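Residues per chain are reported as follows:
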Amino acid sequence: MVEPTLLFVDPSRTFLPGLEEVLSRERHYRILAPSSTAEAVDQLEKTSPRAVILALPDDSEALDAATRIRTLRPALPIILLAPKKTKKSYTDVLRVRADELLTEPVHPADLLSALDRHSAKGTTSPIHVKVRELETLVQLAKNINRHLDIDQTLASIVDAAVRLTGAEEGSLMLVDPSSGELYMRASKNFDEEFVRTFRMKVEDSLAGEVIRGGAPILLSADSPKKIKSSFLVHSLIFVPLLLQEKTIGLLGVDNRATRTPLRESDLALMQALAEHAVIALENARLHETTQTQMSQLDTVIRQVEDGVIITDSEGGILVANQTVRSLFHLDDSPLVGRPMKEVFPNLELQYLFARREAENPHQRRAEITLDDERVFTAHLTPIEGVGFAIVLNDITHLKELDRLKSEFVATVSHDLRSPLTTILGYVDLIERAGPVSEQQKSFIRRIQNSVGSITTLISDLLDLGKIESGIDTQKEPVQLNGLARNALEGIRSGVENKRIHLAVSLDENIPPLNGNPVRLRQMIANLLDNAVKYTPEEGTIRFATRHEQDQALILVEDSGIGIPTSELPYVFNKFYRATNVQNTVGTGLGLSIVKSIAEIHGGRVWVDSKDVEGTKFTVVLPVPKE
Ligand code: ADP
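Read on for an overview of the structure. (Residues numbered from 1 in each chain as written. Predicted model: local features only at pLDDT ≥ 70, side-chain atom pairs only at ≥ 80, totals over all residues. Heavy atoms only, no water.)

With that settled, consider the packing of aromatic side chains. A full pass over the atoms with the stated rule returns six aromatic pairs. Measuring from ring centre to ring centre gives 5.0 Å for Phe328 and Phe344, while their planes differ by 70 degrees; the resulting arrangement is edge-to-face. With Phe328 in the loop between helix H11 (322-327) and helix H12 (340-343) and Phe344 in the loop between H12 and helix H13 (347-354), this residue pair connects regions lying 16 residues apart in the sequence. Given the relative accessible area of 15%, Phe328 is considered buried. Judged by centre distance (5.8 Å) and plane angle (80 degrees), the ring pair of Phe353 and Phe388 falls under edge-to-face. One end of the pair, Phe353, is in helix H13; the other, Phe388, is in strand S15 (residues 387-394), and 35 residues separate them in sequence. (Phe/Tyr/Trp six-rings, centres within 6.5 Å; stacked < 30°, edge-to-face > 60°. Helix = DSSP H or I, 4+ residues; strand = E, 2+ residues; numbered from the N terminus. Buried < 20%, exposed > 50% of the residue type's maximum accessible area, 1.4 Å probe, protein only.)

Printed below as a string of structure tokens:
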């Protein structure tokens, strides 16, 4: 039998030395003697003593300690030992609801009988039993939240079941999902070997009834029932462990030797304990699943071939995978918490990180060239609640292909241009060389138009090649309005021929931009040419420039044929022509050139259009700060 425990709080050791021995000898108490009230409260949280003896010389400290003990354990008998009986001591006893006050000199027999009286009451009166049960349940709930050691939690649940029902032994059995058999996950007072080897088929056992039916079973000595289980018992309680309507196991207590009955009230208590067990098991399962998922994710991030850097919102590194480490020649030393700037001195990467708050995803992308000439695209994504992720993708081979393609296109275009110029020259000469019939004239016009189209295509291709390869990126201060007037001049005859109404509004406050004048003029001209080309006779074109904050805006709006909404995302692609322009000539390169020019100037272009209702192009260019 386990010895009952007494908590004897007497830090100054006034009473303890004289009484300790009597208490152990006469009543076999195991004495816990904390050296401070704080330690006493701590021990109270971990053990279940029969009673507390408080002997504190300082009245106020004693009161404080007694009040805390009362709050923690409302049913626990408290016996105060005071130096001498004063009126104040009596009031104190009442205030803290201590059960007894004994004063100096304390006679051992008085203390023993006080303890017998109160601790007996404490263990048997129904209200005290209930309070003790509740205390245990609260304590278990706290433990479930406090630590995740599932074995310890389940063991303490089974232990509580045995202790509170007064049963001989207890067990927590779970259904093994693979075999469908029951095994013992935790137990109290069972032989270790038996627990280890225990396996029970769910079919035709009493436990099986609980598992299948999901209802508890109470067998007491006065309602005998034949038990079909692997062990014979006099009384028993099995309660199911229910998780979302499914029985995952059971919690049981039983008496094999004694005929002490188990009651309905024990059943309710067992059900409460079973709920605790299910929560603990579910917590542990979720914890395990989360851990597994985290480690899988960790493995994926570490092993993917793309470089991955994850930082917190301040730029402190959280993860840098193996690829990133080898790209930047980093050793295996831990990087967590170190600033991004310090670990990755690459300037392009740092500029990218400086733009981390940019709304436009394009601005959170960068091309990064490493020392060994390899080229990567780096894409930065904000991750809510974490910080930022940068993914680096090797595009060296694509860059090389792109370079070869551009080189090929440039060579071919260049080689085609001279014979075409020759053809055009000779065609022009035919009419001068002698009389030609009307039919011949019409053939000549067709040749001139076709050769003209090819020439335009070729010069567009050559331009695009130059812009994309960055050959003519030389920039100087330019007046946007001057370029605009010049480009507007270029569409004058087209506007007059089609009797188009042209409305121009130029903002004279735009400061000079830093740009390439030839290319910027070409960009505006392409947009204006399109507006004229795709606007029917007597339509309207509005052209405007505007200065807004640190940006210059160019707006080209027309009342023309519009662009089908589903095709809007493609109009800036090379050679793309919308399905509604069959009757007009074009190469499909003009807008690609516009986009490239806007981008090499650090700007953007976008289009708004509603089918049939006209089109509006907007270009935004950065204005340099003073
Ligand atoms: P294209 O030589 O065909 O004009 P662009 O690259 O300049 O080539 O334009 C691509 C396509 O975008 C055009 O074919 C046309 O479908 C559409 N587009 C461009 N500008 C306009 C506009 N102002 N109105 C209607 N559609 C336009």
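Now that the structure has been shown, the text picks up again.
Spatial ordering of the open sheet is given by S7-S6-S10-S9-S8, a layout of five strands whose pairing is antiparallel. Two strands bound the open sheet, and with one partner strand each, they are strand S7 (182-188) and strand S8 (217-219). Pairwise comparison of adjacent strand axes, ignoring direction, gives a mean angle of 20 degrees for this sheet. By the bridge criterion, six bridges tie strand S6 (residues 169-175) to S7 in an arrangement that is antiparallel. The partner of Val175 across the bridge, within S7, is Leu182. Helix H10 (residues 264-303) rests against S6, S8, strand S9 (235-243) and strand S10 (246-255) of the sheet, and its axis sits at about 35 degrees to S9. (Pairing = 2+ DSSP bridges. Axes fitted to C-alpha atoms, helices over the stretch in contact; angles between N-to-C directions. Contact = heavy atoms within 4.5 Å.)

On to the pairing of S9. Buried residues dominate S9, accounting for seven of its nine residues. With three bridges joining them, S8 and S9 adopt antiparallel strand pairing. Paired with Ile217 across the strands is Phe238, a residue of S9. Where S9 meets S10, nine bridges bridge the pair, whose relative direction is antiparallel. Within S10, the residue paired with Leu242 across the bridge is Thr247. A loop of two residues connects S9 with S10, the two strands running antiparallel in sequence, and Gln244 in this loop sits at a positive phi of about 45 degrees.

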